[in-house]
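The residues making up each chain are set out below.
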Amino acid sequence: MDAVRQNSTEDVKDANRFWREEREEGAIYDTYLKKVTYRTISEHDEESKTFSHLMWETQKVRTIRAGTLEKLVESFSTASGEMDSAYVNVFLATYRTFASANQVLAHLIDRYNIVKTQFEQDDKNEVLESQVKTIKSVLSVWLDTYPEDFRTPPNYECLETLLRFAEESVPDNDLAIKAQHKLDRFLKETDETGDFISTIIPVPTIESLVINTKHDKPLTFLKIKNQTFAEQLTLRDAELFMRVVPHHCLGAIWSRRNKKGRSEVNSVSATIDQFNGVSLRVISTVLQSHDLKPAQRAKIIQKWIDIAQDLREIKNFSSLKAIISGLQAHPVYRLHRVWMVVSKETKAIFDELSDIFSDENNQITSRELLMKEATAKFPDLNTGSNTLRKKKSLQKRQSWIENGIVHGTIPYLGTFLTDLTMVDTAIPDYTDEGLINFDKHRKEFEVLAQIKLLQSAAQVYNLTVDTAFWLWFDSVQVFSDHECWELSHGIEAPSELSAKIRKKSASLGHKPRGDVNFHTGMLCTFSSQEEKISVNSMSDSALSTSTGQQLSPSSSVSSLLSSDSDIPSSPFRMADMCVIKATLELDNKPTAHIYKSIMLHNTDHTNSVVQKVLEKYDIQCREGEYYLSQVMPDGEWLLPQSANVFYAMNSLADLKFVLRNKEQQDEYEKRKKKGRKNLKLSL
């Protein structure tokens, strides 16, 4: 009687049931029981090949949860010797956080030699034969999928080792040919240095445009078409996003927590620089001229909102977020006389676009929208409360369909960086036994897979460079946080009313929605200035009284929180621990704060938290040399050196902290006192 085996049609989660944990030296496995069906053929029906009845068999399946590097390499093949493709994909995408390419290659070669020797002694063992083929396949897949792992000039040690192994041990395989081809290619390539962005879309010099009669006059912001603006930003964003190396986004690599993992992350940095460049230019164009009337400045804001709407329609969520962040920056958001002139319809658009990036329920709105439109050919524009605008959007969508114009999708990369940093912070690298925690890397791979999916979607765009636009873009002067505050105060002086409203609101435990301090960008933030924020924020009450309509909340301040309000649940905030974000204030870089995620326990005091932050920046110091402050809606709160940070911090505010040395802290206190003195004089 013959038996034909096939996989059960049941869902994998139902078919695989967790059985038990199994341990052996150097590894911990999760064991599952998997149902496999057999359809048997009776002897008298053998000619017709009809199935007589169905049989079930239960098989044991093991997946490695944690182990040594040697055991992780062994797990490339299943019990039957076949390659575990899913596991190999996870390993190759994430191994850089716990091993080098040379280490992995050495273990693969050792494993191959061991299995090959065993197979030569027992050439009828099909499992051993399959394991030999699996190791060859893994090496080939690794070289094809991650060639940058072997790009180690000038000696290319890892690639040379692979080439020697392939020539000596697997001469009948094309692995040696692939390795030699890669080596020849790397040797011919010149080192790519300089500005990463300029190598993608070269911005012309002024001299090169002088002879171009088509652009005999420089562009001005209000004369640039909104569509041109949206398309050019999308062109650059798409190019940069497609060049992002997904594993550079891993928390341990991106935050440079691991000194061994200090690899170049230019692909990520370039995307962030572009995001910050757009956001800073939004602020600059609104604040740059002191002589503009509120109505003229309102036109600039309205144009930025219209550009943001166009970006939403072509599914560029990166520059969309950058523009929203720029408009919600406090020096812009506090200009209530300007916002009063902005039309109600434009404010409604601004509200809807801002809601996309709401922090409620771990940014569930933006996540659902991104996954919905990730691979869709055309955006879903059947949203919004304005009937006329919805009709225009649907007409535009229909025009794209009729003309075959397909748009890709560009995500806001900051969401993925945050997710990966949180996973890296919340889950330990090693178990108590000192084994590599591979379950952590499976969670990281889920995020990396989303990035790769969206990168394929970003390839759909078909846009051309407008050199005049980029000449204008790079000519826009951007300002530091101090300059932004000075310009904003020059446009609208601090008001006594707003200061009283904020003081009363703070005493009630409220976080004013209008207070959009400078922590709204991807990784570009401005240092919060207590003496200025506390007197210059425009509260919702004041805006509602003067305009009859509330402005949108910040992407980082999505709802009014009071002392008795419910805090949205978070997988990174528990009863005895939580994840906080901390930044180190760097000299001469007031606008480039990069937050590091820190796991805070209920036993951590200020000094221990300071040490955790400094470890992220690879800085060593004596106890008491740095000061820790929590960034509050109306400024900062300096934590005492002996305080228990978990219980002393304000858990209703954003869990963001700033670290300064003694000299920086003294300078900050001087600025704060000077601000209070100027306020008293103005009153």
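Predicted model only: the values in this text are computed from it and were never measured. (Residues numbered from 1 in each chain as written. Predicted model: local features only at pLDDT ≥ 70, side-chain atom pairs only at ≥ 80, totals over all residues. Heavy atoms only, no water.)

Remarks on the overall build of the protein
Summing up its helical and strand segments, the protein has 28 helices and 10 strands in all. With 683 residues in all, the protein has 49% of them scored as buried. Long-range contacts, defined as pairs at least 24 residues apart, comprise 74% of the intrachain contacts of the protein with a sequence gap of at least 6. (Helix = DSSP H or I, 4+ residues; strand = E, 2+ residues; numbered from the N terminus. Buried < 20%, exposed > 50% of the residue type's maximum accessible area, 1.4 Å probe, protein only. Contact = heavy atoms within 4.5 Å.)

Some points on the pairing of strand β6 (residues 577-584)
When a strand is regular, its side chains alternate between the sheet's two faces. Of all 8 residues in β6, 7 are buried; the element is thus mostly enclosed. Strand direction decides the pairing type here: β6 and strand β7 (residues 596-601), joined by 6 bridges, are antiparallel. Note that in β7 the partner of Ile-580 across the bridge is Ile-598. (Pairing = 2+ DSSP bridges.)

Brief notes about helix α7 (residues 175-188)
If you check α7, its first and last C-alpha atoms are 20 Å apart, about what 14 residues at 1.5 Å a residue would give, namely 20 Å. Those residues of α7 that fall on the buried side of the exposure criterion are Leu-175, Ala-176, Ala-179, Lys-182, Leu-183 and Phe-186. In a view along the axis of α7, the buried residues occupy a sector of 130°, so they form one face of it. Exposed side chains of α7 directed beyond 90 degrees from the buried face belong to Ile-177, His-181 and Lys-188. (Expected span 1.5 Å × (residues − 1). Arc of directions from axis to C-beta.)

Digging into the sheet that holds β6
Reading across from one edge, β7-β6-β10-β8-β9 is the order of the 5 strands in this open sheet, with mixed pairing throughout. The sheet terminates laterally at β7 and β9 (635-638), the two strands that pair on one side only. Ignoring strand direction, the axes of neighbouring strands in this sheet form an average angle of 40°. In terms of strand pairing, strand β8 (residues 626-632) meets β9 through 4 bridges, oriented antiparallel. (Axes fitted to C-alpha atoms, helices over the stretch in contact; angles between N-to-C directions.)

A few points about the confidence of the model for the protein
Looking at the protein, pLDDT values average 76 and 69% of them are 70 or higher. For residues 193-215, every residue scores under 50 in pLDDT, and the model assigns this stretch 33 contacts once sequence neighbours within four places are set aside. Low pLDDT (under 50) marks residues 588-592, which in the prediction has 10 contacts with non-local residues, meaning those over four places away or in another chain. (pLDDT = per-residue confidence, 0-100.)

As for the nonpolar core
The nonpolar side chains of a soluble globular protein tend to be buried, and buried together. In this structure, Phe-91, Trp-142 and Trp-304 are the most contacted members of the largest nonpolar core, which totals 116 residues. Beyond its immediate sequence surroundings of up to four residues, Phe-91 is in contact with Leu-69, Leu-72, Phe-76, Phe-98, Val-104 and Phe-438. The next biggest cluster of nonpolar side chains, apart from the first, holds 21 residues, and it includes Cys-578, Ala-582, Ile-598 and Val-645. (Core = buried A, V, L, I, M, F, W, Y, C linked by side-chain atoms within 4.5 Å.)

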